[in-house]
Amino acid sequence: MPDQKGIQNDLSRLDPVFAEYEGVYGSLISILQEAQEIYGFLPDDVLARIAEKTGNSIAQVRGVATFYAQFRFAPSGKYLFQLCCGTACHVNGSRALLDVLESELSLTDGNTTPDGLFTLNEVACLGCCSLSPVVMVNGEVHSSMTPEKLRALIKELSSQG
Amino acid sequence: MKIIVGEGSCGIAAGAEKVYSAIEKQLKKTGAKAQLGITGCLGMCWLEPLVDIYDDSGALHRLVKVKESDAEKIAAAANGDICAVAQLEIDPEDAKFLEQQTRIALRNCGICDPMSIDAYIERGGYGAIKKALTEMTPEGVIEEIKISGLAGRGGAGFPTWFKWNAARTAMGADKHLICNADEGDPGAFMDRAVIESDPHTLIEGMLIGAYAIGASEMIVYVRAEYPLAVVRLKKAIEDARARGFLGKNIMGSSFDCDMRIKMGAGAFVCGEETALIESLEGKRGMPRLKPPFPAQSGYKNEPSNINNVETFANVAWIIENGGEAFSALGTPDSKGTKVFALTGKIKRGGLVEIPMGKTLREVIFDIGGGIKGGKRFKAVQMGGPSGGCIPEALLDTVIDYKKLAATGAIMGSGGMVVMDEDTCMVGMAKFFLDFTAKESCGKCVHCRLGTKRMQEILSRIADGEGKDGDVELLLELCAAIKDGALCGLGQTAPNPVLTTIKYFRDEYDAHISEKKCPAHSCTALLRYTIDPDQCRGCTLCAKKCPVGAISGELKSAHAIDTEKCIKCGQCKSVCRFGAVFVE
């Protein structure tokens, strides 16, 4: 059955994951993490399949998945901006960076731009506090960010498409 | 000659991998004879990228803020001209940062190659577990830890020997030793540095703990936001297994023990030990009622012991050098050393490991160099969202579990965020409540609703809608939440509010009664005005204003319509005549 966007996901891609964690106690979160690696997020049909194969109800699986900030339930944009909002970054100006994302892209926490290019997640702390404020873009850390540097980065990524 | 590039997460974020590649290229090009390698995080983060050169006589030349373009100079040094890198060498004033420290937990960080088990062994690694297995009984190991006075470095400060003993004596054949590498406190990165830079010290410390309590399984719960730490730890585990330091019959003894990594998925509450266990079991990370304690009933309801990364990082050193050597450092109530992540408005930000007993002033001013940008110190936040803000008047407080608790703050995991005159303390309290309200697991009413209500009140105050009685209401909520919350997250969530009210009451009063933010930080309370005497009427601000709030003729003084103004600050940033004021 298709997922919430009407897309038929290839659920057989989950088979190696189920094989790996067969009989392993307490592996639901690990399975969800690997599923998100495969599909980019957790579509409804994937969650249903995981529920079926792990002997849990869909409610139980959703209950675990929605508890943790790492899990996404909609596709993220091409560029995932994880903006650190930890204490050191906050003190050193992360608010100004959030304002830039809002003014330049109308982008707020948890959302994706209509063109599908950018997604923003405010994260608690990336542990690069001495280089604050910090933004991670698709896993790459950009340190000592300023509003100007962020605007330049957005421009560069937008032009790449 | 050896050339070592610092590659912890901070170094890499500052460009260390590119510097490494550039040096590699230049060495090849010039045919210079030098060994090129990497190391982890030295903790001098404000100077990254760092490159250490050991010349042929073994003398160290520490190069700082190294750029890719400096690779040529480094290759020249490798070819015999060490003066080529003279300009890059560390300033003696900056070098004092490290010289004033006593490194036990961080003893190998930034010195040896984290990807090499041989580098660890060369520095005495795996000697302590060998000593424990061949010369000591599990009880003897626990006794040595007791003598050392080692207390949990994750924040609770509970005597480590006691927890180990409780797990040792608990009923049950299958026991688990768990490392809490969740490090959720924003502003803390000590554990990340240890795992990325010295993963074997964690393995060895845990092995000693597992031997002591009788566990055959060790699990490291690492937060999802530390991918490099996971990569390095995985390699270290594989290498340790290949050498017979993990698995069956470790080092030829009858002790079997293996290790695996479990990734967190983004939940601050999973730093609480029972919530962590729930997460290990694939469930929502909601804390359990204690008792029973994990030592009796933990993972899979079997005896389990959970300790923080930094706690384990001290263990091998203690067994090697003896408990007394550790307890010779520190204060009567707080033995040994503690690692702090010094960040915020500080000149020299990074990792500081010092014996307990130094004062906050010594750490912030002598080691950290004081406030950057010539501003005035206002407060230091210790212990993350569970901690509190300590004002200038208390800077001579000694770093000690009890003395810090007396201020209303806590030692915590070691995050030390320094704030200056431009930081609004009401805003900081709101910041922490935004965090804890979001991270509250929701299980108990006091935390779930209490943090939400405190967050709402603080938001109203910061937005200029504070009412008389708000502070009293906050204090009442704080007392109730402390009393009724199920776990440490809820019980300590009021601390930032309590300490900011205690030490910065005047700021709360200004926000509520005068609708002013003394630090000029809370956006809603800012008023942007143009000084007509300074304004040249260049119209730049009017053009930049996104809401058309500025009016004025060319070459005449402009004015801001405060009703329309959204306080974005663009006018102030474009004005070349300093005519825009914020109050």
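Just so we're clear, the structure is a prediction, and the values are computed from it rather than from any experiment.

Trainee: Got a sec to walk through the overall build of chain B? Specific residues and values, please.
Mentor: Along chain B, the regular secondary structure elements total 24 helices and 17 strands. Projecting the C-alpha coordinates of chain B onto the three principal axes gives extents of approximately 85 × 65 × 40 Å. Burial status across chain B gives 60% buried among its 583 residues. Within chain B, contacts between residues separated by at least 24 positions form 70% of all contacts whose residues are at least 6 apart in sequence. In the form shown here, chain B has an accessible surface area of approximately 22500 Å², with 51% of it arising from carbon and sulfur atoms. Computed over 71 positive and 75 negative side-chain charges, the separation of the two mean positions in chain B equals 3 Å.

Trainee: An account of the overall build of chain A is needed here, citing residue identities and associated values.
Mentor: Across its full length, chain A holds seven helices and four strands. Taking the principal axes of the C-alpha coordinates as reference, chain A spans close to 50 × 30 × 25 Å. Residue burial in chain A is summarised as follows: out of 161 residues, 50% are buried. Taking the contacts inside chain A whose residues are at least 6 apart along the sequence as the reference set, 62% of them involve residues at least 24 apart. Total accessible area on chain A stands at roughly 7300 Å², and carbon and sulfur atoms take up 49% of it. Taking the average location of the 11 positive side-chain charges in chain A and that of its 19 negative ones, the two points are 4 Å from each other.

Trainee: Quick one: what's the story with the packing of helix α2 (residues 28–39) of chain A against helix α3 (residues 44–54) of chain A, residue by residue and with numbers?
Mentor: All names here are of chain A. Closest axis-to-axis distance for the α2/α3 pair is 11 Å, and the angle between their directions is 145 degrees. When the axes of α2 and α3 are compared, the crossing they make is right-handed. Each of L28, I31, L32, A35 and Y39 in α2 lies in contact with α3, whose residues at this interface are V46, L47, I50 and T54. Looking at side-chain class alone, the contact of α2 with α3 contains eight nonpolar, one polar and no charged residues.

Trainee: Tell me about the layout of surface pockets, and please be specific about residues and values.
Mentor: Any empty space left between the atoms is revealed when a probe the size of a water molecule rolls over them. Residue and element names in this part refer to chain B. Space inside the second largest pocket adds up to approximately 1300 Å³. In terms of lining, the second largest pocket is formed by 48 residues, of which the most central are G155, A156, G271, E272 and E273. Within the residue set of the lining of the second largest pocket, elements represented by two or more residues are α8 (160–169), β8 (304–308), α16 (401–407) and α20 (488–492). Among the elements that make up the lining of the second largest pocket, the one with the highest residue count is β8 (five residues). Here the lining of the second largest pocket is built from residues that sort into 18 nonpolar, 20 polar and ten charged.

Trainee: Give me the lowdown on the packing of aromatic side chains, citing residues and values where you can.
Mentor: Under the definition given, this model contains 14 aromatic pairs over all chains. An aromatic cluster of at least three residues, connected via ring pairs, comprises A:Y79, A:F81 and A:F118. Against the face of A:Y39 rests A:R13, its NZ or CZ located 5.3 Å from the ring centre. Over the face of the ring belonging to B:Y226 we find B:R223, whose NZ or CZ atom lies 5.1 Å from the ring centre.

Trainee: Explain the sheet that holds strand β3 (residues 51–54) of chain B residue by residue, including any values.
Mentor: All names here are of chain B. Strand order in the open sheet formed by four strands is β2-β1-β3-β4, with mixed pairing between adjacent strands. Edge positions in the open sheet fall to β2 (35–39) and β4 (60–63), since each of these has one partner strand only. Each strand of the sheet is rotated relative to its neighbour by a mean of 20 degrees, with strand direction disregarded. In terms of strand pairing, strand β1 (residues 2–6) meets β2 through five bridges, oriented parallel.

Trainee: Describe helix α2 (residues 16–30) of chain B, naming the residues involved and giving the relevant values.
Mentor: Given 3.6 residues to a turn, an α-helix orients residues that are three or four positions apart in the same direction. Residue and element names in this part refer to chain B. Here α2 is 15 residues long and its end C-alpha atoms lie 21 Å apart, about the 21 Å a rise of 1.5 Å per residue gives. Against β1, α1 (9–13), β2, β3 and α3 (71–78) lie the buried residues of α2. Directly after α2, the chain includes G31, whose backbone phi takes a positive value near 70 degrees.

Trainee: Which residues make up helix α13 (residues 309–321) of chain B, and what values do they have?
Mentor: Residue and element names in this part refer to chain B. Along α13, eleven of the 13 residues are buried, which leaves the element largely enclosed by surrounding structure. Taken together, the buried positions of α13 are occupied by V309, E310, T311, F312, A313, N314, V315, A316, W317, I318 and I319. Here α13 starts with a cap whose side-chain oxygen sits 2.8 Å from the backbone nitrogen of E310, and that cap is N308. Looking one or two residues past α13, G322 carries a phi angle of roughly 95 degrees, positive in sign.

Trainee: Give a description of the pairing of β4(B) that names residues and reports values.
Mentor: All names here are of chain B. Sheet topology places β3 next to β4; four bridges connect them, and they run antiparallel. What sits directly across from Y54, in β4, is L60. Linking β3 to β4, which pair antiparallel, is a turn of five residues; within it G58 sits at a positive phi near 90 degrees.

Trainee: Which residues make up the nonpolar core, and what values go with them?
Mentor: Most often, soluble globular proteins keep nonpolar side chains buried together rather than apart. Residue and element names in this part refer to chain B. Of all hydrophobic cores here, the largest spans 81 residues; its most connected members are I203 and L207. In this structure L207 touches Y126, I129, M218, F245, L246, I250, F255 and C257, once residues within four positions along its chain are discounted. Formed by 67 residues, the second largest nonpolar core is a distinct cluster that contains M286, I457, L474 and C522.

Trainee: Go over the pairing of strand β11 (residues 377–382) of chain B, please, and point to the residues and values.
Mentor: One face of the sheet, then the other: side chains in a regular strand alternate in exactly this way. Residues and elements named next belong to chain B. Of all six residues in β11, six are buried, a share of seventy percent or more. Pairing of β11 with strand β13 (residues 415–420), which is carried by five bridges, proceeds in the antiparallel orientation. Looking at β13, one finds that A379 is bridged to M419. The pairing of β11 with strand β12 (residues 388–391) spans four bridges and is antiparallel. Within β12, the position partnered with A379 by the bridge is P391. Counted along the chain from β11 to the antiparallel partner β12, the turn is five residues long, and its residue G383 has a positive phi close to 90 degrees.

Trainee: Tell me what's going on with the interface of chain B and chain A, and back it up with residues and numbers.
Mentor: With 50 residues of chain B at the interface, the matching set in chain A holds 35 residues. In total, about 3100 Å² of surface goes out of reach between chain B and chain A, with carbon and sulfur atoms giving 60% of it. A per-residue breakdown of the area chain B buries against chain A is headed by B:A265, B:R284 and B:F431, which together make up 18% of the total. Element by element, the count of residues in the side of chain B that touches chain A is highest for helix α17 (residues 425–439) of chain B, at five residues. Partitioning the side of chain B that touches chain A into residue classes produces 26 nonpolar, twelve polar and twelve charged.

Trainee: An account of the environment of B:N180 is needed here, citing residue identities and associated values.
Mentor: Residues and elements named next belong to chain B. One can find N180 in strand β5 (residues 176–181). A relative accessible area of 12% means that N180 is categorised as buried. Distance from N180 to G154, taken between C-alpha atoms, is 8.2 Å for residues 26 residues apart in sequence. Residues within four places of N180 in sequence aside, it is in contact with D191, Y221, G271, L276, I306, N307, N308 and V309. At 3.0 Å, the side chain of N180 and the backbone nitrogen of D182 are in polar contact. One polar contact links the side chain of N180 to the main-chain carbonyl oxygen of G271, over a distance of 2.8 Å.

Trainee: How would you explain the sheet that holds strand β1 (residues 79–84) of chain A if you had to name every residue and give the values?
Mentor: Adjacent strands of a sheet pair through backbone hydrogen bonds, lying either parallel or antiparallel. Residue and element names in this part refer to chain A. Overall, mixed pairing links the four strands, which are arranged β2-β1-β3-β4 in an open sheet. Lying at the two open borders of the sheet, with one neighbouring strand each, are β2 (118–123) and β4 (140–142). The mean angle between the axes of side-by-side strands here comes to 25 degrees, regardless of whether they run parallel or antiparallel. In terms of strand pairing, strand β3 (residues 135–137) meets β4 through three bridges, oriented antiparallel. By the bridge assignment for β4, V137 is matched with E140.

Scoring rules and cut-offs
- Residues numbered from 1 in each chain as written.
- Chains lettered and ligands numbered in written order.
- Predicted model: local features only at pLDDT ≥ 70, side-chain atom pairs only at ≥ 80, totals over all residues.
- Heavy atoms only, no water.
- Helix = DSSP H or I, 4+ residues; strand = E, 2+ residues; numbered from the N terminus.
- Buried < 20%, exposed > 50% of the residue type's maximum accessible area, 1.4 Å probe, protein only.
- Contact = heavy atoms within 4.5 Å.
- Areas by Shrake-Rupley, 256 points an atom, 1.4 Å probe, with all protein chains shown as cover.
- Lys, Arg positive; Asp, Glu negative; His and termini not counted.
- Charge placed at Lys NZ, Arg CZ, Asp CG, Glu CD.
- Axes fitted to C-alpha atoms, helices over the stretch in contact; angles between N-to-C directions.
- Left-handed = near helix turned anticlockwise from the far one by under 90°.
- Nonpolar A, V, L, I, M, F, W, Y, C, P; charged D, E, K, R; others polar.
- 1 Å grid on protein atoms, 1.4 Å probe; cavity = no way out; pocket = protein on both sides within 12 Å on 5 of 7 lines; lining within 4 Å.
- Points joined across faces, edges and corners; volume = space filled by probe spheres on them.
- Phe/Tyr/Trp six-rings, centres within 6.5 Å; stacked < 30°, edge-to-face > 60°.
- Lys NZ or Arg CZ within 6 Å of the ring centre and 35° of its normal.
- Pairing = 2+ DSSP bridges.
- Expected span 1.5 Å × (residues − 1).
- Polar contact = N/O pair within 3.5 Å; in protein donor to acceptor, adjacent residues only side chain to side chain.
- Core = buried A, V, L, I, M, F, W, Y, C linked by side-chain atoms within 4.5 Å.
- Buried area = accessible area lost by both parts, 1.4 Å probe.

Interpretation in functional terms is not warranted from these geometric data alone.
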